[in-house]
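Descriptive analysis of the structure
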Amino acid sequence: MPFTYTTVPVPVLTSVAPTSGPAAGGTTVTLTGTGLATASAVRFGATPAVSFTVVSDTHITAVAPAGTGTVPVTVTTPGGTSNGISYTYSVAPTLSGVVPNQGPTSGGNTVTLTGTNLTGATAVTFGATPATSFTVVSPTQITAVVPAATAGPVGVTVTTPGGTSTLPSAYFYVSAPALTGVAPPSGPLSGGNTVTLTGVHLIEATAVRFGTTAASAFTVVSDTQITAVVPAGAAGLADVTVSTAGGTSNAASYTYLPAPVVATLIPSQGPTSGGITFTLTGTNLAQATTVLVGGATAGFTVVSDSHIVVDALPGAAGPVTVTVSTPGGTSAPKTYTRVGSPGI
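This report concerns the structure included in the present document. Every chain is numbered on its own, with residues counted from 1 as its sequence reads. Whole-chain, interface and lining totals are the exception, using all residues; otherwise, since this is a predicted model, local features are given only for residues with pLDDT of at least 70 and side-chain atom pairs are given and counted only at 80 or more. Side-chain numbers here rest on the full set of heavy atoms in the structure, without hydrogens or water.

When you go through the chain residue by residue, the secondary structure sums to zero helices and 39 strands. For 344 residues, the compact-globule formula gives about 20 Å, and the C-alpha radius of gyration of the chain, at 41 Å, lies well above that figure. Judged by the C-alpha coordinates and their principal axes, the chain covers about 170 × 25 × 25 Å. Of the contacts formed within the chain by residues at least 6 apart in sequence, a portion of 55% connects residues at least 24 apart. Only carbon and sulfur atoms are counted for the fraction: they give 60% of the accessible area of the chain, which is about 16100 Å². Here the chain contributes 4 positive and 6 negative side-chain charges, whose respective centroids are spaced 11 Å apart. Helix and strand assignments come from DSSP, with helices taken as H or I runs of at least 4 residues and strands as E runs of at least 2, each series counted from the N terminus. For the radius of gyration, the atom set is restricted to C-alpha positions; the globular benchmark scales as 2.2 Å times the number of residues to the power 0.38. In what follows, residue pairs with any heavy atoms lying within 4.5 Å of each other are defined as contacts. Using the Shrake-Rupley algorithm and a 1.4 Å probe, accessible areas are obtained, with residue cover drawn only from the displayed protein chains. Here the positive residues are Lys and Arg and the negative ones are Asp and Glu; neither His nor the chain ends is included. Charge positions come from single atoms, namely NZ of Lys, CZ of Arg, CG of Asp or CD of Glu.

Below, the discussion takes up unusual backbone geometry. Between Ala-17 and the following residue, Pro-18, the backbone shows a cis peptide bond with an omega angle of -5°. For Pro-18, the position within the fold is in the loop between strand 1 (12–17) and strand 2 (20–22). In this model, Ala-183 is joined to Pro-184 through a cis peptide bond whose omega is -10°. Positive phi is not limited to glycine here, since Ser-169 has a value of about 45°. Along the chain, the position of Ser-169 falls in strand 19 (residues 163–174). Despite not being glycine, Asn-284 has its phi angle at roughly 60°, a positive value. Relative to the elements of secondary structure, Asn-284 occurs in the loop between strand 32 (277–283) and strand 33 (290–293). In this scheme, a residue with accessible area under 20% of its type's maximum is buried, one over 50% is exposed, and one in between is partly exposed, where area comes from a 1.4 Å probe on protein chains only. Look at Asn-284 and you get partly exposed, because its relative accessible area is 24%.

Another point: the nonpolar core. Core analysis: the biggest nonpolar cluster contains 19 residues, and Leu-113, Phe-126 and Tyr-171 have the highest contact counts within it. Looking at this core element by element, the count peaks at four residues for strand 19. We call a set of buried Ala, Val, Leu, Ile, Met, Phe, Trp, Tyr and Cys residues a nonpolar core when their side-chain atoms join them within 4.5 Å.

So, on to the pairing of strand 16 (residues 133–138). In this scheme, strands are said to pair when DSSP sees at least two bridges between them. Judged from the five bridges that link them, strand 16 and strand 17 (residues 141–145) form a sheet pairing that is antiparallel. Looking across to strand 17, one finds that Phe-134 is bridged to Ala-144. Turn length for the strand 16-strand 17 hairpin, with the two strands adjacent in sequence and antiparallel, is two residues.

Its place among the elements puts Ser-186 in strand 21 (residues 186–188). Among all residues touching Ser-186, those that are not within four sequence positions of it are Asn-193, Tyr-254, Thr-255, Leu-257, Gln-287 and Pro-327.

This part takes up the sheet that holds strand 22 (residues 194–200). Read from one edge to the other, the open sheet built from four strands follows the order 20-22-26-25, with strand pairing classed as antiparallel. Of all strands in the sheet, those with a lone pairing partner are strand 20 (178–183) and strand 25 (217–222), marking the two edges. Across this sheet, the average inter-strand angle for adjacent strands is 25°, counted without regard to direction. Two strands pair when backbone bridges link them, and strand 20 and strand 22 are joined in this way by five bridges, in the antiparallel orientation. Within the sheet, the bridge partner assigned to Leu-179 lies in strand 22 and is Gly-199. The convention used is that axes are lines fitted to C-alpha atoms, helices contributing only their stretch in contact, and that angles between N-to-C directions extend from 0 to 180 degrees.

Now for the environment of Ala-332. With respect to the helices and strands, the residue Ala-332 is situated in the loop between strand 38 (329–330) and strand 39 (334–339). With 224 residues separating them in the primary sequence, Ala-332 and Gly-108 have C-alpha atoms 54 Å apart.

The next thing to look at is the sheet that holds strand 18 (residues 152–160). Spatial ordering of the open sheet is given by 12-19-18-14-15, a layout of five strands whose pairing is mixed. Of all strands in the sheet, those bounded by a partner on one side alone are strand 12 (102–104) and strand 15 (129–130). Across two bridges, strand 14 (residues 123–126) lies against strand 15 in antiparallel orientation. Directly across from Thr-125, in strand 15, lies its bridge partner Pro-130.

Once that is clear, we can look at the environment of Ala-39. In this fold, Ala-39 is placed in the loop between strand 3 (28–34) and strand 4 (41–44). Judged by its relative accessible area of 15%, Ala-39 falls in the buried class. Expressed as a C-alpha distance, the spacing of Ala-39 and Leu-179, which sit 140 residues apart in the sequence, is 72 Å. Setting aside residues up to four positions removed in sequence, Ala-39 forms contacts with Phe-52, Val-54, Ile-60, Val-75, Thr-76 and Thr-77.

On any regular strand, side chains alternate: one points to one face of the sheet, the next to the other face. As paired strands, strand 14 and strand 18 are joined by four bridges and run antiparallel to one another. Within the sheet, the bridge partner assigned to Val-124 lies in strand 18 and is Val-158. Where strand 14 folds back onto strand 15 in an antiparallel hairpin, the turn is made up of two residues, including Gly-127, whose phi is positive at roughly 65°.

Aromatic rings from Phe, Tyr and Trp, taking only the six-membered ring of Trp, are treated as a pair when their centres fall within 6.5 Å; an angle between ring planes under 30 degrees marks them as stacked, one over 60 as edge-to-face, and anything in between as tilted. Taken as a whole, this structure holds seven aromatic pairs when the rule is applied. Plain terms: the ring middles of Tyr-171 and Tyr-173 are 5.1 Å apart, the flat faces sit at 80° to each other, and that makes the pair edge-to-face. Given a relative accessible area of 0%, Tyr-171 falls into the buried group. Aromatic side chains Phe-210 and Tyr-254 sit 5.5 Å apart centroid to centroid with 85° between the ring planes, which places their arrangement in the edge-to-face category. Here Tyr-254 lies in strand 29 (residues 252–257) and Phe-210 lies in strand 23 (residues 207–210), a separation of 44 residues in the sequence.

In structure tokens form, the structure reads like this:
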């Protein structure tokens, strides 16, 4: 019988996917090409694949062995050994920091992850939640947009073809602050007085504002209380807010009050025995807290923002000063004169 020689073509590789994996190996890759049906070996550099499966004459799946650097992947058949397609062993990433390391539960803020071997990152997660988006800036830096989550610490994980790195409890979700009150709720235009803010989630306060003006100073007493020194402001209502890494609170109202002004005191004199009243007229009198007659506290009735009726106190004959105090300040003094009874 005649003997027939059969020519087996040399296999040809056109692609390897994925083109990289961890140094420990174990990645399943798909080799694409032609003349692959009779493959007897698949090698990564000089190292045989852990295993391989011929899917068709154009496809082989192979499990990468351990290795380093970039190596050629080849297929050997009775027809010979194919050309090599590059496969890169990637070094496992390491995370060393997250800046800033806290933010609002609503997410949306951008943080910077630092570490090594971050090139080619395929995923960034906060806890179990993927980052809204991320950008590999360099082998040592990634910027990521934080997803929403509940309050508390979470680990941050970066995945690359070389493996995964997790920094435990690296990022803290902070609840937004909420204000429930300001006490006292008003004060002078000049500021300088101290108020107490109450609410929740105040412990991480970074700023306290009256309108758009920062408090002169503030002290975080607890998660539910802050004391703040009021800055100067214009007459009227101002929104008080607290800012933390968790966001900015709702607004609580604070009123800047002009100082009271006393224009007239009628009658301007009375008996040393007291027992009568006199009327003060002026402006900004409605929130009077104290009326002093000769330095002593007198009873009074606020009739309107421009009128107060005051009980004249008994005392020695002669002039005494009268002042009105409100949260906005103290009026300039007016004179009331006590007159003794005429002698017989």
